[in-house]
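# Coordinates in review
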Amino acid sequence: MALAVLKTASPTDSPHQAKSMVSLDSVTMAFGAYVAVQDVNLKVSDGEFLAIVGPTGCGKSTILNAIAGLLKPASGTVSIDGQPVRGIQNDIGYLFQQDALLPWKTAIENVELGPMFKGVGAAERREQSMRWLAKVGLKGFEHRYPHQLSGGQRKRVQMAQALITGPKVILMDEPFSALDIHTRHLMQNELLRLWQEERRAVVMITHDLEEAIALGDRVVVLAAGPRSRVIDSFPVDLERPRDVAEIKLDPRFMDLYRNIWSSLRGEVEKSYERHD
Ligand SMILES: Nc1ncnc2c1ncn2[C@@H]1O[C@H](COP(=O)(O)OP(=O)(O)OP(=O)(O)O)[C@@H](O)[C@H]1O
């Protein structure tokens, strides 16, 4: 059987034809004398869903923070849509593992925050937020406080929050890892549905290789730290739309899993040896 996996010539480039939306050029990130990642080159095309996997402590969050403008590279350049990142970015939507909702504000008030900071008037941002909450399946829940919502419903509010301002790039840090497996599958499918409607560049970091393959257009593997770098890039040529539970049963999914795991496994083992 032909393998569904074809490695790209360069482990850093996107195979997509679209313009590059996120670009890391020879990026080195250091904390004092500790060099977390070194000489990372990575491109994410407009509309591409990139998943980054790597052993614990290899620098995944550090790379995400560099794209967000929260951390400055020791050397190299991070660019978004061709513009070098200097300071915190406006054109980014975030989806994190932790609840990022303000507990004293209702669902709709939380969703309205992004447009409010962008200067959208009260009536218009209310109308946009109502529409987004309906889009994520929360019609009728607009005036509930976060503690009156389930974990999955809070995640839906966060998705509306991340997408309402139409960001150029969406950064995700283990967005579904705190959810139970059934809710996780539901939310992953929901995310794919929303993303298919309005494709943006996505950079998602995850420990879950199955999630990376089920969601991503491409999976990038980072080496164990210190001085982590990109060691492999695997295009995921599985059709969309995808159902994350069903796609895992596809033999091509299993081929991809096997191939990526064979790249990742050695790095995971190295990272354990270094912590012993
Ligand atoms: N503020 C900091 N000061 C010093 N070292 C840091 C700081 N932030 C991260 N590090 C170190 O940089 C390395 C990369 O950390 P990072 O959080 O990016 O890894 P990660 O791949 O996201 O880890 P995990 O998968 O466990 O979440 C780690 O060794 C970490 O200890």
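Note that the coordinates shown come from a computational prediction; the quantities given were computed from them, not determined experimentally. (Residues numbered from 1 in each chain as written. Predicted model: local features only at pLDDT ≥ 70, side-chain atom pairs only at ≥ 80, totals over all residues. Heavy atoms only, no water.)

## Observations regarding the site of the ligand
In the vicinity of the ligand, the contacting residues are F31, Y34, A36, P55, T56, G57, C58, G59, K60, S61, T62 and H207. Contact distances for the ligand include 2.5 Å between an oxygen atom and a side-chain N or O atom of T62. Within the complex, 57% of the 630 Å² of free accessible area of the ligand lies under protein. Elements with a minimum of two residues in the shell around the ligand: β2 (34-45) and α1 (60-68). (Near = heavy atom within 4 Å. Polar contact = N/O pair within 3.5 Å; in protein donor to acceptor, adjacent residues only side chain to side chain. Areas by Shrake-Rupley, 256 points an atom, 1.4 Å probe, with all protein chains shown as cover. Helix = DSSP H or I, 4+ residues; strand = E, 2+ residues; numbered from the N terminus.)

## Structural notes on the sheet that holds strand β6 (residues 92-96)
Pairing within the open sheet is mixed, and its six strands lie in the order β6-β7-β8-β3-β9-β10. Since the sheet does not close on itself, it has two edges, and those belong to β6 and β10 (230-235), each with one partner. Going across the sheet, the axis of each strand differs from the next one's by a mean of 15 degrees, ignoring polarity. Relative to strand β7 (residues 169-173), β6 is paired through five bridges, and the arrangement is parallel. When the bridges of β7 are listed, F96 appears paired with D173. Relative to β7, α1 is tilted by about 155 degrees, and along the sheet it contacts β3 (49-53), β6, β7, β8 (201-205) and β9 (218-222). Packed on one face of the sheet, helix α5 (residues 181-197) meets β3, β6, β7 and β8 and runs near 140 degrees to β3. (Pairing = 2+ DSSP bridges. Axes fitted to C-alpha atoms, helices over the stretch in contact; angles between N-to-C directions. Contact = heavy atoms within 4.5 Å.)

## Quick word on the packing of helix α2 (residues 107-117) against helix α4 (residues 151-163)
Interhelical geometry of α2 versus α4 gives an angle of 25 degrees and a closest axis separation of 8 Å. Put simply, α2 runs roughly parallel to α4. Between α2 and α4 lies a crossing of right-handed hand. Residue-level contacts link A107, N110 and V111 of α2 to V157, A160 and Q161 of α4. Counted by class, the contact of α2 with α4 contains four nonpolar, two polar and no charged residues. (Parallel < 35°, antiparallel > 145°, perpendicular 65-115°, else oblique. Left-handed = near helix turned anticlockwise from the far one by under 90°. Nonpolar A, V, L, I, M, F, W, Y, C, P; charged D, E, K, R; others polar.)

## Comments concerning the domain arrangement of the protein
The domains assigned to the protein are domain 1 (20-91 + 172-183 + 202-247 + 258-275) and domain 2 (104-167). For the pair domain 1 and domain 2, the two sides together bury roughly 430 Å², of which 66% comes from carbon and sulfur. By the criterion of area lost to domain 2, the three top residues of domain 1 are D91, F176 and L179, representing 63% of everything that side buries. Looking at the side of domain 1 that touches domain 2, its residues break down into three nonpolar, two polar and one charged. (Domains from an automatic or database assignment. Buried area = accessible area lost by both parts, 1.4 Å probe.)

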